[in-house]
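Each chain is listed here by its residues.
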Amino acid sequence: MTLWSVIGSGVAGLAVASELVARGARVQVFDPGGPPGPHGCSWWAGGMLAPWCEFESAEEPVLRLGQSAIDWWADRTPVQRRGTIVVANTRDLPDLRRFARRTTGFVNIDRGIITELEPDMGSFGKGLFFEHEAHLDPRQALQDLSRQLKEKGVEFRQKLAPAQLENAIDCRGLHAREVLHDLRGVKGEMLVVRCPDVTLTRPVRLLHPRMPLYIVPRGDGIYMLGATMIESEDSSRITARSMLELLSAAYSVNPAFGEAEVLEIGVDLRPAFPDNLPRIRRLGRTIYANGLYRHGYLLAPALAQGVADLALENKHSEMVDEDRA
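Residues numbered from 1 in each chain as written. Predicted model: local features only at pLDDT ≥ 70, side-chain atom pairs only at ≥ 80, totals over all residues. Heavy atoms only, no water.

Evaluated as defined, the whole model comprises 29 salt bridges. Residue R98 is joined to D95 by a salt bridge in which the shortest nitrogen-to-oxygen separation is 2.0 Å. Of this pair, R98 and D95 both sit in helix α5 (residues 93-102), 3 residues apart, which is roughly one turn of that helix. What makes D95 buried here is its relative accessible area of 16%. When the shortest N-O distance is used, the salt bridge between E155 and R157 registers 3.0 Å. Assessed through its relative accessible area of 45%, E155 is described here as partly exposed. Connected through salt bridges with shared partners, the residues E19, R23, R76, D309 and E313 form a single ionic network. (Salt bridge = Lys/Arg side-chain N within 4 Å of Asp/Glu carboxyl O. Helix = DSSP H or I, 4+ residues; strand = E, 2+ residues; numbered from the N terminus. Buried < 20%, exposed > 50% of the residue type's maximum accessible area, 1.4 Å probe, protein only.)

So, on to unusual backbone geometry. Even without a glycine there, the phi angle at N167 is positive, about 55 degrees. Turning to its location among the elements, N167 is positioned in the loop between β8 (155-157) and β9 (168-170). For N314, which is not glycine, the phi torsion reads 55 degrees and is therefore positive. Its place among the elements puts N314 in the segment after α9 (296-313). Since its relative accessible area comes to 49%, N314 is described here as partly exposed.

See the structure below:
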């Protein structure tokens, strides 16, 4: 049986390995960084499975392909199917109306319903509720995939993959730019805070003209606040402006966030192609799967399925870049 070598153990690589193994393939994973951790941008993700919300600023495949991600992940890691609330401060209500025009799959909600869904959000008079969306803990998801793959006999090799590797699938993100020359990095900044005085049970998106904020509950009073999208490849540190706006936006959702304890600051670069959609390319003996942009957990299942189709059946999904493959 053919042995497939997946290079990279971020969300793309682990999802590809999981899909291949589910179809009966033999797999090994190479990553010199070792197990999933802060060295990979997948570690800093929000974990929102929100295809309807993302459609506000994304192409149609994000909406269509992202919907199947919820069930794919639920087969592998705990998924919270509690929907998403989108709100705006009074002065930004035009942004809420614009968001509604550009999306689907929601119901309009008023203060009473908002308070019923999330009692700690009583200051908002209008919002949108995307009831079919979900979220997960990205770090737990990575660890669950790794554990499941090891239980099924997948070997993880903490070293660089050999240069002339047969049947390789490259999922290295920006590290593949020496081959994928049209790949770019998009900077994202986020915070993890502890605020036991606030109880939110589902992701909340606060619309803002400069920087929309999302708050994702991680349980035990811990929240992820994110995230910026900056056309910059400087991942060395967060800017003062970004931190101020993230915390200020959270404060406007509930003033108790003003007493939150900042646990982590994350800065990393998302790999993206010019149209911000992922690509699968077969170049020589290697298949490249890359470009998840800000949709890592949302589109990784579809990317993995497309890779498995190409690798095992020579079947070309819509993600296969025919012009370059």
